[in-house]
Amino acid sequence: MNKGPVDSARVPRFAGPATFARLPRLDEVGRADVAVVGVPFDSGVSYRPGARFGPAAVREASRLLRPYHPALDVSPFERVQVVDAGDIVANPYHIEEAIESVEAGAAALDARLVTIGGDHTIALPLLRDAARRHGPVALLHFDAHLDTWDTYFGAEYTHGTPFRRAVEEGLLDTEALSHVGIRGPLYGKKDLDEDRRLGFGIVTAADVLRRGVDEVVDALRQRIGDRPLYVSVDIDVLDPAHAPGTGTPEAGGLTSRELLEILRGLAGGNLIGADVVEVAPAYDHAEITSVAASHVAYDLVSLLALQEYK
Ligand SMILES: N=C(N)NCCCC(=O)O
Ligand SMILES: [Zn+2]
Ligand SMILES: [Zn+2]
């Protein structure tokens, strides 16, 4: 029997410690099929800081999640052992060392991971861990931004550059790379040329509006096939109306409904890990952003729970 969350009929959801979805901690159960882990790190940001407080805010906002997912018809916490594995500690004064710590922290967890950031820098070490376990992975990247830029102020490891580094390091299957939700001004047309050269296909925020969720899901599923898939969700893929609490907001984004529906369209695929990053609670209002991020994480956990575990 898997140990599930604290029963909200016995202990009110606003009481007690805020683990993700009120799940047990890893040290309380000793094993996990799926682990939610935080990475409170934001030293890679180019604009507003504050995503270091993302994991705590998302856990707090996750108190209201319930154990049955009707759209996916799964009770994820019954089907597999899901735990909160706490936070990976990363040096806020040394980005390269922090990246090493995140990779080592992920490697030490014997489970499929849904990681809560933290800024987008952390996707690089998480993809290193994913590729070590599975070989080069397909990537589905939800974001307003490409995050395939080369350097900022000469720095190679930032929240705007993780996916270029990941391609350079051979972590990704370059036949199956997609960005979804891209919008907003770029530095120049060459940003798009270089992104394409790395192997990415783009579904813009406007494409989601014009083509609709079902057509977008079909196209993504075709590109991904049955490859091992890593999903990286930058919460700024959502419109600032749906996610004000983030560091580099861009107008004209997805609704939380669109994002959740696209994620649900991935059921039956071969998801191997995921992250939800860039929640910066200081700019949030009424937990709008952290509630959205907690639901995204819940859907990712549910997708992982739907898969087979030996
Ligand atoms: N990964 C996020 N959220 N943002 C990247 C923005 C990079 C820039 O300031 O141009
Ligand atoms: Zn972004
Ligand atoms: Zn990003």
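Residues numbered from 1 in each chain as written. Chains lettered and ligands numbered in written order. Predicted model: local features only at pLDDT ≥ 70, side-chain atom pairs only at ≥ 80, totals over all residues. Heavy atoms only, no water.

- Naming follows an unreviewed UniProt entry, where the protein chain appears as Agmatinase of Nonomuraea ferruginea.
- Quoted straight from UniProt, the Sequence similarities (unreviewed entry) entry for the protein chain says "Belongs to the arginase family. Agmatinase subfamily." (UniProt positions renumbered as here; feature names shortened; annotations may be inferred.)

### Focus: the packing of aromatic side chains
Piece 1. All chains considered together, the criterion is met by 4 aromatic pairs.
Piece 2. Consider the rings of Phe77 and Tyr298, whose centres lie 6.0 Å apart with planes at 65°: the pair is edge-to-face. Placement of Phe77 in helix H3 (residues 76–79) and of Tyr298 in helix H11 (residues 288–306) is noted, with a sequence separation of 221 residues between them. The same class applies to Phe77 and to Tyr298, which are both buried.
Piece 3. Relative to Tyr187, the ring of Trp149 lies with its centre 5.5 Å away and its plane at 85°, an arrangement referred to as edge-to-face. One end of the pair, Trp149, is in the loop between strand S4 (137–142) and helix H6 (162–168); the other, Tyr187, is in the loop between strand S5 (172–182) and helix H7 (189–198), and 38 residues separate them in sequence.
Piece 4. A relative accessible area of 61% places Tyr187 in the exposed class.
Piece 5. Of the aromatic side chains, those joined through ring pairs into one cluster are Trp149, Tyr152 and Tyr187. (Phe/Tyr/Trp six-rings, centres within 6.5 Å; stacked < 30°, edge-to-face > 60°. Helix = DSSP H or I, 4+ residues; strand = E, 2+ residues; numbered from the N terminus. Buried < 20%, exposed > 50% of the residue type's maximum accessible area, 1.4 Å probe, protein only.)

### Quick notes on the coordination of the zinc ion (ligand 3)
Piece 1. Taken together, His120 (ND1), Asp143 (OD), Asp147 (OD) and Asp234 (OD) make up the protein donors of the zinc ion (ligand 3), found 2.0 to 2.2 Å from the metal.
Piece 2. Look at where the donors of the zinc ion (ligand 3) fall in the sequence and you get H-x22-D-x3-D-x86-D.
Piece 3. A separation of 3.2 Å is found between the zinc ion (ligand 3) and the zinc ion (ligand 2), which share Asp143 as a coordinating residue. One end of the pair, Asp147, is in the loop between S4 and H6; the other, Asp234, is in strand S7 (residues 229–234), with 87 residues separating them in the sequence. The same class applies to Asp147 and to Asp234, which are both buried. (Donors = N, O, S within 2.8 Å, 3.2 Å for Na, K, Ca; no water.)

### Considering the environment of Leu271
Piece 1. Tracing the chain through its elements places Leu271 in strand S8 (residues 271–277).
Piece 2. Look at Leu271 and you get buried, because its relative accessible area is 4%.
Piece 3. For the pair Leu271 and Phe200, spaced 71 residues apart in the sequence, the C-alpha separation amounts to 19 Å.

### A short note on the packing of helix H2 (residues 54–61) against H11
Piece 1. Where H2 contacts H11, the two axes come as close as 8 Å, and the packing angle between them is 80°. Viewed along their axes, H2 and H11 adopt a mutual orientation that is roughly perpendicular. Seen from H2, the contacting residues are Ala57, Val58 and Ala61; seen from H11, they are Ser290, Val291, Ala293 and Ser294.
Piece 2. Of the residues assigned to the contact of H2 with H11, the class counts are 5 nonpolar, 2 polar and no charged. (Axes fitted to C-alpha atoms, helices over the stretch in contact; angles between N-to-C directions. Parallel < 35°, antiparallel > 145°, perpendicular 65-115°, else oblique. Contact = heavy atoms within 4.5 Å. Nonpolar A, V, L, I, M, F, W, Y, C, P; charged D, E, K, R; others polar.)

### Description of the confidence of the model for the protein chain
Detailed reading of the predicted coordinates is not advisable wherever pLDDT falls low.
Piece 1. Averaged over all residues, the pLDDT of the protein chain is 98; the fraction at 70 or higher stands at 99%.
Piece 2. Both scores are available for the predicted complex, with the pTM at 0.98 and the ipTM at 0.97. (pLDDT = per-residue confidence, 0-100.)

### A look at the site of ligand 1
Piece 1. Close to ligand 1 lie Ser46, His120, His145, Asp147, Trp149, Tyr152, His159, Tyr187, Asp234, Asp236, Thr248 and Glu278.
Piece 2. Side-chain polar atom of Tyr152 to an oxygen atom of ligand 1: 2.7 Å apart, as the coordinates give it.
Piece 3. At 2.9 Å from a nitrogen atom of ligand 1 is found a main-chain nitrogen or oxygen belonging to His159.
Piece 4. Here ligand 1 has 310 Å² of accessible area as a free molecule, and 91% of this is covered by the chains.
Piece 5. Class assignment for the residues of the shell around ligand 1 results in 3 nonpolar, 5 polar and 4 charged. (Near = heavy atom within 4 Å. Polar contact = N/O pair within 3.5 Å; in protein donor to acceptor, adjacent residues only side chain to side chain. Areas by Shrake-Rupley, 256 points an atom, 1.4 Å probe, with all protein chains shown as cover.)

### Comments concerning the side chain of Arg164
Piece 1. Structurally, Arg164 is set in helix H6.
Piece 2. Non-local contacts of Arg164, meaning those with residues more than four positions away in its chain, are made with Asp147, Thr148, Trp149, Asp150, Glu194 and Leu198.

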